[in-house]
Amino acid sequence: SNSSAPIVIIGSGLAGYNLAKELRKLAADQPLLMITGDDGRSYSKPMLSTGYGKNKTADELAMNTAAGMAEQLNMTIRTNTVVTAIDIDAHTISLGDETVEYSKLVLAWGAEAVGPRIEGGAEDRVFSINDLEDYAKFRSAAEGKKRVLIMGAGLIGCEFANDMTAGGYECEIVAPCDQVFPTLLPESAANAVQAGLEGIGVKFHLGPLVSRIERDGDGVVATLDNGDEIRADVVVSAIGLRPRTQLAGDAGIKVNHGIVADRHLKTSADDVYTLGDCAEVEGRVLLYVLPLMASARALAKTLTGTPTEVSYGVMPVTVKTPACPVVVSPPPGGDASGRWIVEQEGNDVQAEYRNEAGDLLGYALTGAKVANKVALNKELPAIMP
Ligand code: FAD
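The structure contained in this document is the topic of the report that follows.

Rules behind the numbers
- Every chain is numbered on its own, with residues counted from 1 as its sequence reads.
- The predicted nature of this model means local features are confined to residues of pLDDT at least 70 and side-chain atom pairs, given and counted, to a pLDDT of 80 or more, with totals for whole chains, interfaces and linings taken over all residues.
- Where side-chain values are given, they derive from all heavy atoms of the structure, hydrogens and water being excluded.
- Under the scheme used here, helices are H or I runs from DSSP no shorter than 4 residues and strands are E runs no shorter than 2 residues, and both carry numbers assigned from the N terminus.
- Radius of gyration here is computed from C-alpha atoms only, and the compact-globule reference equals 2.2 Å multiplied by the residue count raised to the power 0.38.
- Between buried and exposed lies partly exposed: a residue is buried under 20% and exposed over 50% of the maximum accessible area for its type, with that area taken using a 1.4 Å probe on protein chains only.
- By definition in these notes, contact holds between two residues if any of their heavy atoms fall within 4.5 Å.
- For the accessible areas, the method is Shrake-Rupley and the probe is 1.4 Å, while residue cover comes only from the protein chains on display.
- If a single non-hydrogen atom of a residue is within 4 Å of a molecule or strand, that residue counts as near it.
- Whenever two N or O atoms come within 3.5 Å, that pair is a polar contact, provided that in protein one can donate a hydrogen and the other can accept it, and provided that, for residues adjacent in sequence, both atoms are side-chain atoms.
- Angles shown run from 0 to 180 degrees and are taken between the N-to-C directions of axes, each axis being a line fitted to C-alpha atoms and, for helices, limited to the stretch in contact.
- Crossings are classed by handedness, with left-handed meaning an anticlockwise turn of the near helix from the far one by less than a right angle and right-handed meaning a clockwise turn.
- At least two bridges found by DSSP between two strands are what make those strands a pair.
- Only protein atoms enter the 1 Å grid used here, on which a cavity is any set of points holding a 1.4 Å probe that cannot leave and a pocket is any open set flanked by protein within 12 Å on both sides along at least five of seven lines; residues with an atom within 4 Å of a point are listed as lining.
- Grid points are joined across faces, edges and corners, and a volume is the space filled by probe spheres set on the points.
- Residues are grouped as follows: Ala, Val, Leu, Ile, Met, Phe, Trp, Tyr, Cys and Pro are nonpolar; Asp, Glu, Lys and Arg are charged; all remaining types, including Gly, are polar.

**Points about the overall build of the protein**
- Across its full length, the protein carries 9 helices and 25 strands.
- Since a compact globule built from 385 residues should have a radius of gyration of about 21 Å, the 22 Å found for the protein is in line with a globular shape.
- Expressed as lengths along the three principal axes of its C-alpha atoms, the size of the protein is roughly 60 × 60 × 35 Å.
- The buried share of the protein, taken over its 385 residues, is 51%.
- A separation threshold of at least 6 residues defines the contact pool for the protein, and within that pool the share at least 24 residues apart is 62%.
- For the protein, the exposed surface amounts to about 17000 Å²; the carbon and sulfur share of it is 47%.

**Considering the site of the ligand**
- What surrounds the ligand is a group of 33 residues, the closest being D38, V83, D277, V289 and K320.
- Here a nitrogen atom of the ligand sits 3.0 Å away from a polar atom, N or O, in the main chain of G37.
- Side-chain polar atom of K45 to an oxygen atom of the ligand: 2.9 Å apart, as the coordinates give it.
- In isolation the ligand has 1000 Å² of accessible area, and contact with the protein removes 90% of it.
- For the shell around the ligand, the secondary-structure elements that each account for two or more residues are α1 (14–26), α5 (155–166) and α8 (289–303).

**Some remarks on unusual backbone geometry**
- A positive phi angle is found at N55, which is not glycine, with a value near 55 degrees.
- Its identity is not glycine, yet N80 carries a phi of approximately 45 degrees, on the positive side.
- Relative accessible area serves as the criterion here: at 53%, N80 is assigned to the exposed category.

**Comments concerning the packing of α1 against α8**
- Their axes nearest at 8 Å, the elements α1 and α8 cross at an angle of 35 degrees. The handedness of the crossing between α1 and α8 comes out as right-handed. Residues L14, A15, N18, L19, E22, L23 and L26 of α1 touch α8, and the partners they reach there are V289, L292, M293, A296, R297, L299, A300, K301 and L303.

**Let's talk about the pairing of strand β1 (residues 7–10)**
- Of the two faces of β1, both are covered, the one formed by I7 and I9 as well as the one formed by V8 and I10.
- Where β1 and strand β7 (residues 104–107) come together, 4 bridges link them in parallel fashion. Within the sheet, the bridge partner assigned to I7 lies in β7 and is K104.
- The pairing of β1 with strand β2 (residues 32–35) spans 4 bridges and is parallel.

**A short note on the sheet that holds β1**
- If you trace the 5 strands from one edge of the open sheet to the other, you get β3-β2-β1-β7-β19, paired in parallel fashion. Taken across any chain shown, the strands that pair with only one partner, and hence form the sheet edges, are β3 (76–78) and β19 (272–274). Sheet twist, expressed as the mean angle between neighbouring strand axes with direction ignored, is 20 degrees.
- The strands touched by α1 within the sheet are β1, β2, β3 and β7, with β2 carrying the most contacts at an inclination of about 175 degrees.

**Remarks on empty space enclosed by the protein**
- In this structure the tally under the stated criterion is 2 cavities of 30 Å³ or more.
- Looking at the largest cavity, the residues that line it are G276, A279, V281, R284, L286, Y288, P291, L292, S295 and Y312.
- Broken down by secondary-structure element, the contributors of at least two residues to the lining of the largest cavity are β20 (279–281) and α8.
- Looking at which element gives the most residues to the lining of the largest cavity, the answer is α8, with 3 residues.
- Of the voids in this model, the second largest cavity is the one considered here, and its volume is about 40 Å³.
- If you go around the second largest cavity, the residues you meet are D38, D39, G40, R41, Y43, D131, L132 and E133.
- Partitioning the lining of the second largest cavity into residue classes produces 2 nonpolar, 1 polar and 5 charged.

Structure representation (structure tokens):
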């Protein structure tokens, strides 16, 4: 490897910037180069689904420009620059025709929104909101409009429904599942969230798929596979996120659901590391902020000469649906040995996932029960000690 070449970080999301901040605390003079496909503004992505309730434009959500971050962190940032290939033997990356050397490379390029495959020719009225630029485009498309069709009843779909309702929109959710948050919440908690959202006016169509979206005046008409039709002004697609793995796979780096990394956040290639939404750390793909913060701290040490394993403590997810607050710590996947024990008063649900010995492995709390998270967190085992 070429040790005079910079550490190169690909991606200017929370993973890339948090790593750069942690690196600067440990190594003031280490040459750092960040390359990002977007405009490099620093922002907190979770705020994208609270922007209507708080009435914030994309510009207002941006905390700093790329130039401001470059100065603050004493690093070079190349914006609107897409990495097109990695050569793990030569220790270089390609930016189209240009080649850039790295001493160490960090893949922090996130996850992409799964695009809906929908017929009907109204694709330009269907929006995924996965970064600041998407949010800006969507806000201008939704300006002065009223009816929003949201595809997907997961965390992001439900948060947008709550947020846009708070911003004065009429929201309808369509999703091909029996309940909201199909992979995250037990039925009792999911029903409480659905009831909370219905209470503020959100309409649900759970079960059917959207099969066609056609233009209808300035808006759209969506046809569901049960024959129902929904008229809306704009459509939000929130059907899922997929870690970006293609370029890494093409380069011969091991990928699975995400880019495969060990607890040092090292990939299968020498001097190539990964963190954030694109990473699969010891089998875990966690599309949340807390894991990437823990990863950034550990990786900064590793990259500056102190090999450090990342550990994940207890990391409950707070869902931003004020119509029915939710905090959930999902039980580890594939653990069939436990069961949900549910206590419920109206929309206040306390669901505890316990194994046969009675150990708490996960929980879901809604409504007033979210206050009990502190006590339950103390009882939970760390996700990756
Ligand atoms: P990203 O922020 O996606 O950054 C990826 C970067 O890589 C971008 O700069 C992109 O331009 C760049 N890039 C990609 N490909 C290339 C390429 N080939 N060349 C150059 N650059 C490239 N998590 C929580 O914990 N709590 C929440 O409440 C929460 N709410 C959320 C709400 C919404 C609406 C969304 C979408 C997510 C939410 N999340 C939440 C998840 C959280 O925001 C993400 O886990 C986190 O922001 C991921 O950061 P990242 O840096 O890994 O990826």
